[in-house]
Amino acid sequence: QRALALDQQFAIAWNNLGVAGGGEVGGQAFSRIDCYQRALALDPQYASAWHNLGGTGGGEIGGQAFSKIACYQRALSLDPLFA
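My aim in this report is to walk through the structure given alongside it, one point at a time. (Residues numbered from 1 in each chain as written. Predicted model: local features only at pLDDT ≥ 70, side-chain atom pairs only at ≥ 80, totals over all residues. Heavy atoms only, no water.)

Thoughts on the overall build of the protein chain
Counted only if it meets this: Secondary structure elements are taken from DSSP: a helix is a run of H or I of four residues or more, a strand is a run of E of two residues or more, and numbering for both begins at the N terminus. This radius of gyration counts C-alpha atoms alone. The globule rule is 2.2 Å times how many residues there are, raised to the power 0.38.
Scanning the protein chain from terminus to terminus reveals 5 helices and 4 strands. Of the regular secondary structure in the protein chain, the N- to C-terminal order runs α-α-β-β-α-α-β-β-α. Here the C-alpha atoms of the protein chain give a radius of gyration of 12 Å, agreeing with the 12 Å that 2.2 N^0.38 yields for 83 residues. Taken along the three principal axes of its C-alpha coordinates, the protein chain extends 35 × 20 × 20 Å.

A closer look at the nonpolar core
To be explicit about the condition: Working definition of a nonpolar core: buried Ala, Val, Leu, Ile, Met, Phe, Trp, Tyr and Cys residues. They are joined through side-chain atoms within 4.5 Å. Classification of residues uses two cut-offs on accessible area relative to the type maximum, computed with a 1.4 Å probe and protein chains only: under 20% is buried, over 50% is exposed, and between them is partly exposed.
One finds Trp 14, Ala 39, Leu 40, Tyr 46, Trp 50, Leu 53 and Ile 61 to be the most contacted residues of the largest nonpolar core, which totals 17 residues. Elements with a minimum of two residues in this core: α2 (11-19), α3 (32-42), α4 (47-55) and α5 (68-78). If one sorts the elements of this core by residue count, α3 sits on top with 4 residues.

Structural notes on the pairing of strand β3 (residues 58-61)
Note the cut-off: Paired strands, in this sense, are two strands between which DSSP finds at least two bridges.
Note: β3 against strand β4 (residues 64-67), 4 bridges, orientation antiparallel. If you follow Gly 58 over to β4, its bridge partner there is Ser 67. A loop of 2 residues connects β3 with β4, the two strands running antiparallel in sequence, and Gly 62 in this loop sits at a positive phi of about 55°.

Quick notes on the environment of Leu 17
Residue placement: Leu 17 occurs in helix α2. You can call Leu 17 buried: its relative accessible area is 7%. As a C-alpha pair, Leu 17 and Tyr 36 span 19 residues in sequence and 8.4 Å in three-dimensional space.

Quick notes on the packing of aromatic side chains
For the record, the criterion: Here a Phe, Tyr or Trp ring, Trp counted by its six-membered ring, pairs with any other such ring whose centre lies within 6.5 Å, and the pair is stacked when the planes are under 30 degrees apart, edge-to-face when over 60, and tilted otherwise.
Tallying each qualifying case throughout the model produces 2 aromatic pairs. Arranged with centres 4.8 Å apart and planes meeting at 70°, the rings of Trp 14 and Phe 30 form a pair that is edge-to-face. With Trp 14 in helix α2 and Phe 30 in strand β2 (residues 28-30), this pair connects stretches of sequence that are 16 residues apart. Accessibility expressed as a relative area gives 8% for Phe 30, which makes it buried. Between Trp 50 and Phe 66, the ring centres sit 4.8 Å apart and the planes meet at 70°, which makes this aromatic pair edge-to-face. Here the residue Trp 50 occupies a position in helix α4, and Phe 66 occupies one in strand β4, the gap between them amounting to 16 residues. When sorted by exposure, Trp 50 lands in the same class as Phe 66, which is buried.

Structural data, given as structure tokens:
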């Protein structure tokens, strides 16, 4: 949360906040899904955030819905170590 208070454009910090279960940034509450979606809006090539979003059941990035399976497939296509 402190890293995001300094720079809300930090995709890794958003992903980490999601892993921690979400939290509050700038007085606004963010769920795990919100955090992963923010991370991916900043860095659509972030395999770990795709994997984590899949773990929540999926979400919406850039106006496009991604299912759980689609998120996992995206993570695998970006980094085969997520197999």
